[in-house]
Amino acid sequence: DKLSFFTECKDIEEFPKSDDVYHFNPIGLVGEFKTSKKGCLTKEIFDKIFPDAPENKRKEVLDLFNTYCHDFEINTPLRVAHFFAHVKAEVGKTLKGNIEDLTYKVSALKSLFGRYFNHYPNEADLYGYKGKISKAQYLSLSTLEKSKYTKSGSRYYKQVANQDEIAKRIYCCSGTDGYFLLKKGGDISGIKYKGKGFLQLTWKGNYKKVNDILKNKISDLNIDIVTNPNSILNTKEGMLSAMGFWEWQKLNEKADNGDSDNVVDSITDKINFYTKSRQKRKNYFREIYTILKD
């Protein structure tokens, strides 16, 4: 009955008065006139954006993105380019969701995370790194001097940063709101909800807000990044949480402002204000946007 438009149109002067009658099968009607939800990116394009990622990882990420790009409206060249520029800066060229690196020296802990370490400065001395040198510098040392250093990653330290203890303090979020709580010694919640995923989601409160968006946006989604925060290291949870964060922070609106460096910076401000990768994000954006425009 709702589709019986002839009844409504019969008195319109311009409406055809022929005897032709048009019948639509309901299934055919849906098939012909529903909104198209084709994926936003082809494999060929995505391979150009992430040429260094393993083939299976590219396929996994692309399938997820194409399934949900319209739900989150990351579906124009500008929006897609901005989105993946930041993803690439956060997780690298191999598309592997990772954990935030908290390798900070003592002075950096005091300057960047003063709301905790200004209260307990001796703990910065305990857990920040000291005496960092390169491999070449290490190899030039005497055997006695080498014994004073510990290798971590590609560097050598007189004192290696204790990332878990740092996380417990700077990301302590065991209060009711899920955000910073000043508590001597911190809390295990700091390790659970430090930066993870494709856009390095932090804080229990933020995990909850993104999780709520995902459940409201995708009704049949069966994930819970609040109860299981390490699940965000999986490709599915990591990618969807990035898209949920993008919507929560209204980053499509910022992306629509154009292709200037200032626009990239405005998005960086929301994702990781203190990052040292601002220029890298701008470079990635220009590369990806050129691919999409072409």
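A quick note: this is a predicted structure, and the numbers were derived from the prediction, not measured.

Student: Help me out: how do you make sense of the side chain of Lys196 in this one?
Tutor: With respect to the element layout, Lys196 can be found in strand 4 (residues 196-197). One buried charged residue, Lys196, remains without a salt bridge, the closest side chain of opposite sign being Glu100 at 8.5 Å.

Student: Looking at this structure, how should I read a nonpolar patch on the surface?
Tutor: The grouping of Leu112, Phe273 and Tyr274 at the surface amounts to a nonpolar patch, some 370 Å² of accessible area in total. Residue position: Leu112 is located in helix 6 (residues 106-112). Overall, Leu112 belongs to the partly exposed group, its relative accessible area being 42%.

Student: What exactly am I supposed to notice about the packing of helix 5 (residues 77-91) against helix 16 (residues 261-272) here?
Tutor: The axes of two packed helices give the description: the angle between them and the distance between them. In the contact formed by helix 5 and helix 16, the axes pass within 11 Å of each other and the chain directions differ by 50°. Classed by the angle they form, the pair helix 5 and helix 16 counts as oblique. Both helix 5 and helix 16 take part in a crossing whose hand is right-handed. When helix 5 is examined against helix 16, the residues His82, His86 and Glu90 are found in contact with a partner set consisting of Val263, Val264, Ile267, Thr268, Ile271 and Asn272. The class makeup of the residues in the contact of helix 5 with helix 16 is four nonpolar, four polar and one charged.

Scoring rules and cut-offs
- Residues numbered from 1 in each chain as written.
- Predicted model: local features only at pLDDT ≥ 70, side-chain atom pairs only at ≥ 80, totals over all residues.
- Heavy atoms only, no water.
- Helix = DSSP H or I, 4+ residues; strand = E, 2+ residues; numbered from the N terminus.
- Buried < 20%, exposed > 50% of the residue type's maximum accessible area, 1.4 Å probe, protein only.
- Lys, Arg positive; Asp, Glu negative; His and termini not counted.
- Salt bridge = Lys/Arg side-chain N within 4 Å of Asp/Glu carboxyl O.
- Patch = residues over 30% accessible without salt bridge, like charges linked within 9 Å, V, L, I, M, F, W, Y side chains within 5 Å.
- Areas by Shrake-Rupley, 256 points an atom, 1.4 Å probe, with all protein chains shown as cover.
- Axes fitted to C-alpha atoms, helices over the stretch in contact; angles between N-to-C directions.
- Parallel < 35°, antiparallel > 145°, perpendicular 65-115°, else oblique.
- Left-handed = near helix turned anticlockwise from the far one by under 90°.
- Contact = heavy atoms within 4.5 Å.
- Nonpolar A, V, L, I, M, F, W, Y, C, P; charged D, E, K, R; others polar.

Such coordinate-based values are descriptive only and should not be taken to indicate function.
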